[in-house]
Amino acid sequence: MEGYVAVAKTEEVPKDGRKRFEVEGKRITVFNIDDEYFAILDTCPHKKTAPLLRGRLDGTAVHCPNHGYRFDLKTGECNVSPDFNTSVFPVKVDGEIIYLGIHL
Ligand code: FES
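Residues take numbers from 1 onward in each chain, read along the sequence in its written order. Where local features are concerned, this predicted model is filtered to residues with pLDDT of at least 70; where side-chain atom pairs are given and counted, the filter is 80 or more; whole-chain, interface and lining totals use all residues.

### Brief notes about unusual backbone geometry
Line of reasoning, step 1. Even without being a glycine, Asp34 presents a positive backbone phi close to 55°.
Line of reasoning, step 2. The class for Asp34 is exposed, based on 7 C-beta atoms found within 10 Å.
Line of reasoning, step 3. You will see that Lys48, though not glycine, has its phi angle at about 60°, which is positive.
Line of reasoning, step 4. Examined against the element boundaries, Lys48 turns out to sit in the loop between β4 (36–41) and β5 (56–57). Backbone-placed C-beta atoms define the burial measure: a residue is buried with 20 or more other C-beta atoms within 10 Å of its own, exposed with 12 or fewer, and partly exposed in between. To qualify as a helix, a DSSP run of H or I must reach at least 4 residues; to qualify as a strand, a run of E must reach at least 2; elements of each kind are numbered from the N terminus.

Pasting the structure below:
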């Protein structure tokens, strides 16, 4: 699976769960929304202090716990300004292993 890195077993991120991983120096949060996985850089790009891990979900987006900016988990787009768009990573599951496409 070229470009992908194994990060977890599926049981670590159960349905409607979330977990942060350190992957090659990047803090990445994986969300499981109705058994669909999404991965986003955990640090909010606004003030670079808030963890999106603690954000409120809104469909397939997450609101930063600090000032509420909304980040699309499919695209990384921020609803306030493109200056705050962030990185998202494709997720694949093979068997019980979750892989993130951090080298694509
Ligand atoms: S720190 Fe996330 S919106 Fe301000």
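### Some remarks on the sheet that holds strand β10 (residues 97–100)
Sheet strands line up and pair through hydrogen bonds in the backbone, either parallel or antiparallel.
Line of reasoning, step 1. Strand pairing is defined by DSSP finding a minimum of two bridges between the two strands. If you walk across this open sheet you meet the three strands as β1-β10-β9, and the pairing is antiparallel. Only two strands of the sheet have a single partner each, and these edge strands are β1 (5–9) and β9 (91–94). Each neighbouring strand pair of the sheet contributes to a mean axis angle of 35°, computed without reference to strand direction.
Line of reasoning, step 2. Here β1 runs beside β10; their pairing, made up of four bridges, is antiparallel. Within the sheet, the bridge partner assigned to Ala6 lies in β10 and is Tyr99. Orientation is described by axes fitted as lines to C-alpha atoms, over the contacting stretch for helices, and by angles from 0 to 180 degrees between their N-to-C directions.

### Points about the sheet that holds strand β3 (residues 26–33)
Line of reasoning, step 1. Strand order across the open sheet formed by four strands is β2-β3-β4-β8, with antiparallel pairing between neighbours. Each having just a single partner strand, β2 (18–23) and β8 (88–89) make up the two edges of the open sheet.
Line of reasoning, step 2. The sheet contact formed by β2 and β3 spans six bridges and is antiparallel. Paired with Arg20 across the two strands is Thr29, which belongs to β3.

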